[in-house]
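# Observations on chain architecture
These are the residues of each chain, in order.
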Amino acid sequence: MKLPRWSGLLLLVAAIGAGAGLAYEGLKPEAAPSIDYVLLDGTHKSSTQAWTGKVMLVNFWATSCTTCVKEMPNVISTYNKYKDKGFDTLAIAMSYDPPAYVANYAETRALPFGVAMDSTGEMAKRFGKVQLTPTTFLINKRGEIVKRFVGEPDFAALHGTIEKLLAES
């Protein structure tokens, strides 16, 4: 079977594009967006400024999301494993999640980290128009997003990355 003349050019462009994608891995991560939020317990935190010097896991989730509910014990154990080493977690409930459901879930599961409601959808928008849950961001001590996970992360690999980030000065 003979390929059209332009197919070689298409393959070349695809190969160059694939190589360019690999080059992006070494570039500086993007800064986490500045957000203000109120935690369910009523305390206020001020965005990325409060995160400086910590490794942060920011998890967008919903009580109606089965994958979110399934991964939450792993999010809790990750938090508990690293919380005394400069790691923190913020769970952000999506705007469509009823606040009473979120409060009940956080209370009955004794979530040990901060939980915030994204009532207006602004936080999801600032983090790149998050629409699918769970979507999780790993942020380094300088306030830069180093990983974005859509769906449940591989927690063993996530722990390895967290340990590397915690070791950075």
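Sequence order sets the numbering: in each chain, residues are counted from 1 along the sequence as written. In keeping with the model being predicted, local features are shown solely for residues with a pLDDT of at least 70 and side-chain atom pairs are shown and tallied solely at 80 or more, while totals for entire chains, interfaces and linings include all residues. For the side-chain quantities, the full set of heavy atoms in the structure was used; hydrogens and water were omitted.

### A short note on the sheet that holds strand β8 (residues 144–150)
For two strands to pair, DSSP has to find at least two bridges joining them. Under the DSSP-based scheme used, a helix requires at least four consecutive residues in state H or I and a strand at least two consecutive residues in state E, with every element numbered from the N terminus. Here 6 strands make up an open sheet; going across it, the order is β1-β8-β7-β4-β5-β6 and the pairing mixed. The open sheet terminates on both sides in strands that have one partner only, identified here as β1 (30–31) and β6 (114–117). Bridge count between strand β4 (residues 55–61) and strand β7 (residues 135–139): 5 bridges; the pairing is antiparallel. By the bridge assignment, Phe60 is partnered in β7 with Thr135.

### Quick word on the pattern of salt bridges
Each reported salt bridge corresponds to a side-chain nitrogen of Lys or Arg within 4 Å of a carboxyl oxygen of Asp or Glu. Within the structure shown, the criterion is met by 5 salt bridges. Residue Lys70 pairs with Glu152 through a salt bridge whose shortest N-O separation is 2.7 Å. Of the two residues, Lys70 sits in helix α3 (residues 66–82) while Glu152 sits in the loop between β8 and α6 (155–167), which places them 82 residues apart along the sequence. Using a 1.4 Å probe on the protein chains alone, a residue whose accessible area is under 20% of its type maximum counts as buried, one over 50% counts as exposed, and one in between counts as partly exposed. Taking relative accessible area as the criterion, Glu152 reaches 28% and is therefore assigned partly exposed. In this structure, Arg142 and Glu144 form a salt bridge, with 3.3 Å as the shortest nitrogen-oxygen distance. For Glu144, a relative accessible area of 8% corresponds to the buried category. Within this structure, Arg142, Glu144 and Glu168 form a network of salt bridges that share partners.

### Focus on the pairing of β7
In terms of burial, β7 is largely enclosed, as 5 of its 5 residues are buried. Neither face of β7 is open: one carries Thr135, Phe137 and Ile139, the other Thr136 and Leu138, and all of them are buried. In this antiparallel pair of consecutive strands, β7 and β8, the connection spans 4 residues, and Gly143 shows a positive phi of 80 degrees.

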